[in-house]
Amino acid sequence: MTDQEMADLIRDYAAVRERPLLERLDRLEAALPALVARLAKAEARGLEHHGAHVPGRDYSRGDCVMLRGSSWVCVVDSTRETPGDGAGSWRLLARSGRDAR
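If you're wondering where the values come from, they're calculated on a predicted model, not measured in any experiment.

The next point concerns the packing of aromatic side chains. Enumeration according to the criterion identifies 1 aromatic pair in this entry. On the numbers, 5.4 Å between centres and 70 degrees between planes, the contact of Y59 with W90 is edge-to-face. Here the residue Y59 occupies a position in the loop between β1 (48-52) and β2 (63-67), and W90 occupies one in strand β4 (residues 90-94), the gap between them amounting to 31 residues. A residue is classified by how much of its surface remains accessible, and Y59, at 0% relative accessible area, is buried.

Laid out in structure tokens, this is it:
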């Protein structure tokens, strides 16, 4: 095999190996503007405390509630779920601690 044939073989192999990575990069770059817009919206709004959780109330991203001594933040655009117990629309912000005695 000549040096040129070896170089061509390496170049072809690299092109095949890089294609999936380049396709993933293209998808990520395409999604980036929407993600930047969502982040800007979330940062502009910040967190809003609503006190005790009210079952059945509609909460939106960034809303914070208290439930059984813990603080929760809503991480979806809209939910009526109760925080905890596997509810995917809430993230624990601060877990309740022991009584200070």
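Following the structure, the description resumes.
Counted by the stated rule, this structure contains 2 salt bridges. Between R61 and D77 there is a salt bridge, with the nearest N and O atoms lying 3.2 Å from each other. In this pair, R61 sits in the loop between β1 and β2 while D77 sits in the loop between β3 (70-74) and β4, placing the two residues 16 residues apart along the sequence.

Moving on, we come to the nonpolar core. Most often, soluble globular proteins have nonpolar side chains that are buried together. Formed by Y59, V65, L67, W72, C74, A87 and W90, the largest nonpolar core amounts to 7 residues. Going through the elements one at a time, β2 and β3 are the ones with two or more residues in this core. Not counting the four nearest positions on each side in its chain, Y59 is found in contact with H50, A52, H53, V54, V65, C74, D77, S78, T79 and W90.

As a further point, take the pairing of β3. Judged by how many residues are buried, β3 sits mostly within the fold: 5 of 5 residues are covered. Here β3 shows two buried faces, one formed by S70, W72 and C74 and the other by S71 and V73. Here 4 bridges tie β2 to β3, and the two strands are oriented antiparallel to one another. Each residue of the ladder has a partner; that of L67, found in β3, is S70. Taken together, β2 and the strand that follows it, β3, pair antiparallel across an intervening segment of 2 residues, in which R68 is found at a positive phi of about 50 degrees. Direction of pairing for β3 relative to β4: antiparallel, over a ladder of 4 bridges. Directly across from S71, in β4, lies its bridge partner A94.

Moving on, we come to the sheet that holds β1. What the 4 strands build is an open sheet, ordered β1-β2-β3-β4; its pairing is mixed. With one partner strand each, in any of the chains shown, β1 and β4 form the two edges of the open sheet. Ignoring which end each strand starts from, the neighbouring axes of this sheet average 30 degrees apart.

Thresholds applied
Residues numbered from 1 in each chain as written. Predicted model: local features only at pLDDT ≥ 70, side-chain atom pairs only at ≥ 80, totals over all residues. Heavy atoms only, no water. Phe/Tyr/Trp six-rings, centres within 6.5 Å; stacked < 30°, edge-to-face > 60°. Helix = DSSP H or I, 4+ residues; strand = E, 2+ residues; numbered from the N terminus. Buried < 20%, exposed > 50% of the residue type's maximum accessible area, 1.4 Å probe, protein only. Salt bridge = Lys/Arg side-chain N within 4 Å of Asp/Glu carboxyl O. Core = buried A, V, L, I, M, F, W, Y, C linked by side-chain atoms within 4.5 Å. Contact = heavy atoms within 4.5 Å. Pairing = 2+ DSSP bridges. Axes fitted to C-alpha atoms, helices over the stretch in contact; angles between N-to-C directions.

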